[in-house]
Amino acid sequence: MPDQQSPAVSYVELAGISKSFGDVRALDDVTVTAPQGRVTAIVGENGAGKSTLMKVLSGVVTPDRGTVRIGGVERHFRTTRDATLAGVGMVYQETALVAAMSVWENVVLGWEPGQRGILRRKHARRTVGELAERYSLPVPLDAHAGDLPVSIQQQVEILKVLYRNADVVILDEPTSVLTPQEREGLFAAMLNLQAEGKTLLFISHKLDEVLASAHHVTVMRHGRIVSSQRNDELDRRGLARSIVGRDIAPIDLGTRPERGATVLSVQHVELGALHEGPGIREASFEVARGEVVGVAGVSGSGQHELLQVISGLVAPDAGTVVLDGRTRKEVDSASDPAATLPALRKAGMSHIPADRNAVGTLRRRPLWFSALVGRLDDPEYCRRGVIRRPAARALAERIIREGGVKASGPDALPESLSGGNLQKFIVQRELLSDPVLLVAEEPTHGIDIGAARDLRQKLRDVAADGGAVLLASTDLDELLETCDRIIVVFDGRIVLDADRQDCTEESLGAALTGLSAVPA
Ligand SMILES: Nc1ncnc2c1ncn2[C@@H]1O[C@H](COP(=O)(O)OP(=O)(O)OP(=O)(O)O)[C@@H](O)[C@H]1O
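- An unreviewed UniProt entry lists the chain under the name ABC transporter ATP-binding protein, with Paractinoplanes bogorensis as the source organism.

### Regarding the overall build of the chain
- When you go through the chain residue by residue, the secondary structure sums to 17 helices and 24 strands.
- At 24 Å, the chain has a C-alpha radius of gyration in line with the 24 Å of a compact globule built from 520 residues.
- The C-alpha extent of the chain, read off along each of the three principal axes, is 65 × 50 × 50 Å.
- Per-residue burial for the chain yields a buried fraction of 53% across its 520 residues.
- For the chain, restricting intrachain contacts to residue pairs at least 6 apart in sequence, the fraction spanning at least 24 positions comes to 66%.
- Put simply, the chain shows about 22,600 Å² of open surface, and 49% of that area lies on carbon and sulfur atoms.
- Separation of charge centres in the chain, based on 60 positive and 69 negative side chains, amounts to 7 Å.

### A short note on helix α15 (residues 449-464)
- The terminal C-alpha atoms of α15, which comprises 16 residues, lie 23 Å apart, in line with the 22 Å expected from a rise of 1.5 Å per residue.
- Of all 16 residues making up α15, 12 are buried, and the element is well covered by its neighbours.
- Buried within α15 are the following residues: Ile449, Gly450, Ala451, Ala452, Arg453, Leu455, Arg456, Gln457, Leu459, Arg460, Val462 and Ala463.
- At the N-terminal end of α15, a side-chain oxygen is found 3.1 Å from the backbone nitrogen of Gly450, two or three residues along, and the residue is Asp448.
- Of the residues one or two after α15, Gly466 is the one with positive phi, at around 95 degrees.

### So, a negative patch on the surface
- Where like charges cluster on the molecular surface, the negative patch consists of Asp252, Asp434, Asp461 and Asp465.
- Inspection of the secondary structure puts Asp252 in the loop between α8 (236-244) and β13 (262-271).
- According to the relative accessible area criterion, Asp252 is exposed, its value standing at 51%.

### Digging into the site of the ligand
- Around the ligand, the surrounding shell holds 20 residues, and the nearest of these are Lys50, Thr52, Ser416, Ser418 and Gly420.
- Within the contact set of the ligand, an oxygen atom lies 2.7 Å away from a side-chain nitrogen or oxygen of Lys50.
- In this structure, Ser416 approaches the ligand through a main-chain N or O atom, which is 2.8 Å from an oxygen atom.
- If you list the elements that add at least two residues to the shell around the ligand, you get β2 (24-35), α1 (50-57) and α14 (419-432).

### Side note on the confidence of the model for the chain
- Per-residue pLDDT for the chain has a mean of 88; in total, 92% of the residues score no lower than 70.
- Of all the helices and strands in the chain, strand β7 (residues 114-115) carries the lowest mean pLDDT, 56, while strand β4 (residues 65-70) carries the highest, 97.
- Across the interfaces of the predicted complex, the ipTM metric reaches 0.99, alongside a pTM of 0.86.

### Quick look at the sheet that holds β13
- Taken in spatial order, the 4 strands line up as β14-β13-β16-β17 in an open sheet, and their pairing is antiparallel. Both outer strands of the open sheet, β14 (280-288) and β17 (328-331), are each paired with one neighbouring strand and no more. Across the sheet, the axes of successive neighbouring strands diverge by a mean angle of 10 degrees, strand direction being ignored.
- Two elements, β13 and strand β16 (residues 318-324), share 5 bridges in a ladder whose sense is antiparallel.

### Observations regarding unusual backbone geometry
- Located in the positive-phi region is His268, a residue other than glycine, with phi close to 50 degrees.
- Within the element layout of this structure, His268 appears in strand β13.
- His268 gets classed as partly exposed once you look at its relative accessible area, which sits at 43%.
- One non-glycine residue, Asp434, lies in positive phi territory at about 55 degrees.
- Relative to the elements of secondary structure, Asp434 occurs in the loop between α14 and β21 (437-441).

### Let's talk about the state of the cysteines
- Taken as a whole and assessed by the stated rule, the structure comprises 0 disulfides.
- Looking at Cys483, it has no disulfide partner, and the nearest cysteine sulfur is the one in Cys503, 9.2 Å off.
- Overall, Cys483 belongs to the buried group, its relative accessible area being 0%.
- Looking at Cys503, the relative accessible area reads 8%, which means it is buried.

Parameters at a glance
Residues numbered from 1 in each chain as written. Predicted model: local features only at pLDDT ≥ 70, side-chain atom pairs only at ≥ 80, totals over all residues. Heavy atoms only, no water. Helix = DSSP H or I, 4+ residues; strand = E, 2+ residues; numbered from the N terminus. Rg over C-alpha atoms; globule rule 2.2 N^0.38 Å. Buried < 20%, exposed > 50% of the residue type's maximum accessible area, 1.4 Å probe, protein only. Contact = heavy atoms within 4.5 Å. Areas by Shrake-Rupley, 256 points an atom, 1.4 Å probe, with all protein chains shown as cover. Lys, Arg positive; Asp, Glu negative; His and termini not counted. Charge placed at Lys NZ, Arg CZ, Asp CG, Glu CD. Expected span 1.5 Å × (residues − 1). Polar contact = N/O pair within 3.5 Å; in protein donor to acceptor, adjacent residues only side chain to side chain. Patch = residues over 30% accessible without salt bridge, like charges linked within 9 Å, V, L, I, M, F, W, Y side chains within 5 Å. Salt bridge = Lys/Arg side-chain N within 4 Å of Asp/Glu carboxyl O. Near = heavy atom within 4 Å. pLDDT = per-residue confidence, 0-100. Pairing = 2+ DSSP bridges. Axes fitted to C-alpha atoms, helices over the stretch in contact; angles between N-to-C directions. Disulfide = S-S within 2.5 Å.

Following this line, the structure appears as structure tokens:
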């Protein structure tokens, strides 16, 4: 637990902040302070107003009412540049680096030191290098940003705000894209920032991380502050209760059904490296109806590629994947991904992608449009290339209702939904197609603790109803709570395939890092 002893001065003061979007009151008279050299966590259910509050502080959103003070000075931010000049920087979940530019160029972009418009390249590169060293953020200065793993890209984003002299650093769900090992690196960087007297604000749904790193925890619900407490006044259960307003019951695993017929058979799958990863070597396993099977692997171990092959997005170099669902569909090296995905869907596969922004929704089209993903060849929704709008809207309404999605309706734009609510929409859309096999990559990513519990229960229900689930997650607790069996991928190979009862966090941790790399 962080040290609570030394006194701290309030550096950030948000007072009486209100903000509405149309009829939605996102913030309702919110007052929050954050002391210097400390971490203040902002937690709460999806749609509670956390991101909007931080966007007010970073100049992205202008409040309808209320005042912002930084270091005792009242500020009226109209743009993010105003906030940057006042020393406030925000690091978003999704990085926005220019892939083809080097790390140091990305850091200085838009803020280049120079004379008469000429960039002093050597000077700029050296300054970024010194900053990286001072804050122990070991980024490769000359590498192209697009070639780097997400965890390093995030460090580049942190350097970007530090380069602009931020005294206040806002981190919006920074750990949700990181593996457990990478999270440790981020927490070490946060400690350095505190030691340098920065004021840190940190949005997270992961209560253990909040309790381990934050000095103060502020809970929001329905656009208001529910509580604001010091870390040493809190425990996990009480915090969970104040977030969702009730105790969270463990999920019902049910009695494990007799192992049903095989629904997915992966045999001797091989794939060369797609990017820098190891590819896949000799992967074989089966999933039966009635099972929830977890897939774990640290970033770049090949587990993501394995799921891409299984969901038909990439053809393997060798080996086969057979889905025996509503119909039988075989995928091999000759398969054309463009035709494979629709055929697998028809055979009963649903897929919740890891990257909801890239493939999950169409951000600038209304939600009812995104409801149709995977259903365009269903005559109920589309005939002779013409979308049946009333049916699509009714479908979107059903997804919103049954998924507990906070949205104004089927015409809402995806970008008007909070991150967690958009994820809930995608998950419920896939569940509604009554899958025989559900491939779910990080389905609880960005979802609050209450909704995440309900979602895990829904995965169990798919299995209880005779389907099967392949659940990829970097959260070992989630896998241990939800799965019947867990597969670990390391260096492109399946190194563990064991019943949950035979797995512990230690045994999984060893397999994940290759310490027990005995092929299963
Ligand atoms: N640009 C916008 N247009 C319309 N509504 C918006 C907009 N931005 C946010 N909202 C609404 O404001 C409310 C608060 O959203 P916000 O993103 O702040 O929630 P959050 O607490 O960060 O949620 P999550 O945990 O899911 O990220 C939600 O109901 C959301 O739909």
